[in-house]
Amino acid sequence: MSHLIALPVLLPLITGVILLLLAGKGFVLTRTVSLISAGLLVIVSLLLFYTASSGVIQVYAMGDWAPPFGIVLVLDRLSAFMVLVTSVLAFFAIWYAASTMDHPAYNLNGLLHLLLLGVNGAFLTGDLFNLFVCFEVLLLASYALLVQGGGRERARAGLHYVVLNLAGSSLFLIAVATLYGITGTLNMADMAAKVANLPAQDAPIVAAAGLLFMVVFGLKAAMVPLYFWLPRAYSAASAPVAAMFAIMTKIGVYSIARVYTLIFGDHAGELANLIQPWLWPLALITLALGVIGVLAARNLRMQVSYLVIISVGTLLAGLALNTAEALSATFYYLAHSTWVCGALYLIVDLIRRQRQDGSDAIRTGPALPQSTTLGLMFFVAALSVAGMPPLSGFVGKVLLLQSAGTGYAAIWLWGLVLLGGLASITALSRSGSTFFWRTTEVVANTQKASLLPLAAALGLLATTPALALWGEPIIAYTDAMAEQLLNPGQYIDSVLRHTTVGGNP
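Residues numbered from 1 in each chain as written. Predicted model: local features only at pLDDT ≥ 70, side-chain atom pairs only at ≥ 80, totals over all residues. Heavy atoms only, no water.

1. Digging into the packing of helix α14 (residues 324-353) against helix α20 (residues 471-486)
Here comes step 1: Between α14 and α20, the least distance of the axes is 8 Å, while the angle of their chain directions is 125°. By the angle between their directions, the pair α14 and α20 is classed as oblique. Crossing geometry of α14 relative to α20 is assigned as right-handed. Where α14 abuts α20, its residues Ala324, Leu327, Ser328, Phe331 and Tyr332 lie against Ile474, Ile475, Thr478, Asp479, Met481, Ala482, Glu483, Leu485 and Leu486. (Axes fitted to C-alpha atoms, helices over the stretch in contact; angles between N-to-C directions. Helix = DSSP H or I, 4+ residues; strand = E, 2+ residues; numbered from the N terminus. Parallel < 35°, antiparallel > 145°, perpendicular 65-115°, else oblique. Left-handed = near helix turned anticlockwise from the far one by under 90°. Contact = heavy atoms within 4.5 Å.)

2. Quick look at the side chain of glutamine 276
Here comes step 1: Among the structural elements, glutamine 276 can be located in helix α12 (residues 276-296).
Here comes step 2: When residues no more than four places from it in sequence are discounted, the contact partners of glutamine 276 are Leu319, Ala320 and Asn322.

3. Some points on the environment of leucine 166
Here comes step 1: Note that leucine 166 resides in helix α6 (residues 152-183).
Here comes step 2: Taking C-alpha positions, leucine 166 is 9.1 Å from glutamate 136, a pair spaced 30 residues apart along the chain.

4. Concerning the packing of aromatic side chains
Here comes step 1: Within the structure shown, the criterion is met by 20 aromatic pairs.
Here comes step 2: Between phenylalanine 91 and tryptophan 95, the ring centres sit 5.8 Å apart and the planes meet at 65°, which makes this aromatic pair edge-to-face. With phenylalanine 91 and tryptophan 95 both in helix α3 (residues 77-100) and 4 residues apart, the pair spans about one turn of that helix.
Here comes step 3: Ring plane angle 70° and centroid distance 6.0 Å describe the contact between tryptophan 229 and tyrosine 234, whose orientation is recorded as edge-to-face. Note on accessibility: tryptophan 229 and tyrosine 234 belong to one class, buried.
Here comes step 4: Taken together, the ring pairs in this structure connect Phe129, Phe132, Phe135, Phe172, Phe213 and Phe217 into an aromatic cluster. (Phe/Tyr/Trp six-rings, centres within 6.5 Å; stacked < 30°, edge-to-face > 60°. Buried < 20%, exposed > 50% of the residue type's maximum accessible area, 1.4 Å probe, protein only.)

5. A look at a nonpolar patch on the surface
Here comes step 1: A surface patch of nonpolar side chains, about 580 Å² in accessible area, is lined by Leu7, Leu10, Leu13, Ile14, Val17, Ile18 and Leu21.
Here comes step 2: Summarising the element assignment, leucine 21 is placed in helix α1 (residues 7-21). (Patch = residues over 30% accessible without salt bridge, like charges linked within 9 Å, V, L, I, M, F, W, Y side chains within 5 Å. Areas by Shrake-Rupley, 256 points an atom, 1.4 Å probe, with all protein chains shown as cover. Salt bridge = Lys/Arg side-chain N within 4 Å of Asp/Glu carboxyl O.)

6. Quick look at the packing of helix α7 (residues 188-195) against helix α21 (residues 489-496)
Here comes step 1: Running from N to C, α7 and α21 cross one another at 120°; their axes reach a closest spacing of 8 Å. Considering the angle they form, α7 stands oblique to α21. Relative to α21, α7 is oriented so that their crossing is left-handed. Note on element contacts: α21 touches α7 through Tyr491, Ile492, Val495 and Leu496, opposite Met188, Ala189, Asp190, Ala192 and Ala193.
Here comes step 2: Across the contact of α7 with α21, the residue classes break down as 8 nonpolar, no polar and 1 charged. (Nonpolar A, V, L, I, M, F, W, Y, C, P; charged D, E, K, R; others polar.)

Any link to function would need more than the numbers given here.
Encoded structure:
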């Protein structure tokens, strides 16, 4: 069991290699292997989630090198939570891909698992340089996934996506090198201890590196003014890829939460809460521009992509409040928004496949063969993403608004979050009525979706009532997680006192 922490990294790596070796051996075999691996990852994630719920932080030393000199994987409540959110999303996205894509150009399975390798590694690593490496792994996989299927739109979106992220990777490397030059370490816990006792003459350089991290993580999270790549890229990707990409922005949100509470938290002396004056206004502007985008969108995939930006702005606002209550609400809302936006991408693809012209443009057309089923699924997803009771979106937004208190910040947050909900329900009501009510008498001459892709989309959509139904234990977990995140002393001590190799206690 001491090696269980490494499985969310090793399992996708091994699966990706196996799927590469099985290329050309038949779609049934490769997709069966892919789906079994994704199911095993969910089981492993649940075990890690249960382990982390005790509050004990576990450290696994890679290659038998004890910290701070070696690379470590760290399991705390936050990393276990993020791995679980990712594994659930990946299972249904891979299920959908396995049941809908038959052309060789859509053989996404190996790339999806390599993407999982980078994502899970980023959540579990306790080392800044290894965080950079994991970013590169997931970005390389995402580059290839984005352009799968070809086409001018995907090529254009892929080019913008690659150029911007290469620039972000360069800035990330500069920031990491700067901090290493000052502190002499790459281990985040060790760096946190050294930044807290930093000489006064080194503080401005470390502050510059810390702000550079904000640019990098803001780009990954799609924060203003670095958000404009996301709508075009996500709307151009195939449905299971777009669903998986719903976790990509959350990696940026996670990195901000981790780095700026651990290294630049309350204990960091004159560098404490380094980005708080910047994060709050940028979060609100991101939310506001997401509202404008979702109202202006002319097709469903673009509309869902702007819903992702609204969720990013909401999450960043929760981080900017920087209280235990706000962080707890933020990560509850993170799970909700990741899963419901992933489900929406799958539902939109099912709708698009049943339209006469295969388009998701918001305009009238023939009635869909499965309009009742798809209409109900779209309706539930719309209610949830807009924050209507009794679904998880409502719970998450209420918790976040309550955490804002009654001061000046609450006025802005209440106004923009409620405006975002109103804009979302307005835009989705227009889209839903166009696709399911304002149709011609003729039924579109297209094949009905089979049970498997419908079940995949429905399974991911079912997470939103599940989050609301089991809200009390989940909120209790996120409350404890927020307290652990804001008090990094336990994390630092657990890592720096870990002298036994191989992850053994």
